[in-house]
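Chain and residue survey
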Amino acid sequence: LHLTINGQKTNVWTTEPTVASALSVLGIAPADFVSVSRSTRLPLSPTAIVLRTPKHVTVVHDNKRNRLVTTDATVGQVLSDLNITLSKHDRLSPRMKAPVADGMRIVVTRVTVKRVTKTASIPYSVIHRSDSSMYEGNSSVLTGGVEGAKRLVYSVVYVDGKWSGRTLLSSAVL
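A quick note: this is a predicted structure, and the numbers were derived from the prediction, not measured.

A few words now on unusual backbone geometry. Among all residues except glycine, the phi angle is most often negative; among peptide bonds, the trans geometry is most common. Cis geometry is adopted by the peptide bond preceding Pro-94, which originates at Ser-93 and carries an omega value of -5°. Note on placement: Pro-94 falls in the loop between strand S7 (91-93) and strand S8 (104-109). For Asn-6, which is not a glycine, the phi torsion comes out positive at approximately 50°. Tracing the backbone shows Asn-6 in the loop between strand S1 (2-5) and strand S2 (8-11).

Here the focus is the sheet that holds strand S13 (residues 162-173). The strand order across the open sheet formed by three strands is S9-S12-S13, and the pairing between neighbours is antiparallel. In the strand order of this sheet, the two ends are held by strand S9 (111-122) and S13, each with one partner. Averaged over all pairs of adjacent strands, the angle between strand axes in this sheet comes to 25°, irrespective of strand direction. Of the pairings in the sheet, the one linking strand S12 (residues 148-159) to S13 comprises ten bridges and is antiparallel in character.

This paragraph deals with the nonpolar core. Grouped together as the largest cluster of nonpolar side chains are eleven residues: Val-57, Val-59, Val-75, Val-78, Leu-79, Ile-84, Ala-98, Val-100, Met-104, Ile-106 and Val-108. Taken together, the elements giving at least two residues each to this core come down to strand S5 (55-61), helix H2 (75-81) and S8. Not counting residues within four places of it along the chain, the set of residues in contact with Ile-106 comprises Val-57, Thr-58, Val-59, Val-60, Val-75, Val-78, Leu-79, Leu-92, Ser-93 and Pro-94.

The next thing to look at is the pattern of salt bridges. The tally for this structure, following the rule as stated, stands at two salt bridges. For Asp-62, the salt bridge identified is with Arg-110, shortest N-O distance 2.7 Å. In this pair, Asp-62 sits in the loop between S5 and strand S6 (64-70) while Arg-110 sits in the loop between S8 and S9, placing the two residues 48 residues apart along the sequence. Relative accessible area serves as the criterion here: at 34%, Asp-62 is assigned to the partly exposed category. For Arg-110, the salt bridge goes to Asp-90, with nearest N and O atoms at 2.7 Å.

Checked against the element boundaries, Arg-151 lands in strand S12. Its relative accessible area of 39% is what places Arg-151 among the partly exposed residues. Between the alpha carbons of Arg-151 and Leu-174 there is a distance of 6.7 Å; along the sequence they are 23 residues apart. Leave out the neighbours within four places in its chain, and Arg-151 touches Thr-117, Lys-118, Ser-170, Ser-171, Ala-172 and Leu-174.

The next subject is the side chain of Asp-72. Inspection of the secondary structure assignment puts Asp-72 in the loop between S6 and H2. An unpaired buried charge is present at Asp-72: no salt bridge exists, and Arg-52, the closest side chain of opposite charge, is 5.4 Å distant. Once residues lying within four places of it in the same chain are set aside, the contact partners of Asp-72 are Arg-52, Gln-77, Val-78, Asp-81 and Val-100.

For the rest of this paragraph, the subject is the packing of aromatic side chains. One pass over the structure, following the stated rule, counts zero aromatic pairs. The residue whose ring lies beneath Lys-114 is Tyr-158, and the NZ or CZ to ring-centre distance is 5.4 Å. Stacked on the ring of Tyr-154, the Lys or Arg Arg-166 has its end atom at 4.1 Å from the ring centre.

The rules behind each value
- Residues numbered from 1 in each chain as written.
- Predicted model: local features only at pLDDT ≥ 70, side-chain atom pairs only at ≥ 80, totals over all residues.
- Heavy atoms only, no water.
- Helix = DSSP H or I, 4+ residues; strand = E, 2+ residues; numbered from the N terminus.
- Pairing = 2+ DSSP bridges.
- Axes fitted to C-alpha atoms, helices over the stretch in contact; angles between N-to-C directions.
- Core = buried A, V, L, I, M, F, W, Y, C linked by side-chain atoms within 4.5 Å.
- Buried < 20%, exposed > 50% of the residue type's maximum accessible area, 1.4 Å probe, protein only.
- Contact = heavy atoms within 4.5 Å.
- Salt bridge = Lys/Arg side-chain N within 4 Å of Asp/Glu carboxyl O.
- Lys, Arg positive; Asp, Glu negative; His and termini not counted.
- Phe/Tyr/Trp six-rings, centres within 6.5 Å; stacked < 30°, edge-to-face > 60°.
- Lys NZ or Arg CZ within 6 Å of the ring centre and 35° of its normal.

Next up, the structure:
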C-alpha cells in the first residue's frame, strides 16, 4: 500500500484482503477519513490510499465560536462544511488552502466598506484694514467673506461591525 497519512507518505506491505482489514492491522481508527471505501478489496498491485485523522478545530466567525472535530484537508473545506462564505473584503486566517492541523484556530473577520458622503462648511476670511482717517482702534471691512460648502466622499471601513478607519476619496466645492 502507498499510504498518505495527514500528508506524510509511507509504503506498507500487507496480505490483508480488504482496505478495512489492512487499516485495522495497521492500527488506523475507523473514524479516520479514507479516500477509498473500507470494503474495497485490495488488488495484488500497489494501491494508493489517503488517510486523514480527526482534528480538533475552532472556527471563530460572526461573533460565534464553533469547536468541531473534522477530517477535512483544508481550511476552505471546513468553512464549506459550516456553510460559511466570504465576501470580497473579508479576511481569513489562516489562508483558504492551508492544511488543517490539530488544535487549529480559524478566524473569519468580516470587513465592510461603505461610501459615505458628507457636506462640510468652508470657513471664510475677512480682511480688516485701518487707515489714518479713522479713529485709533477702529477698522473697516474691505472684503466680507461668505461661508462656502464642500462635498466630501469617504470610503469607511468597518471590521466585525466596528468602525476601523476612513479614507478621503474626493472633495468638491459646491
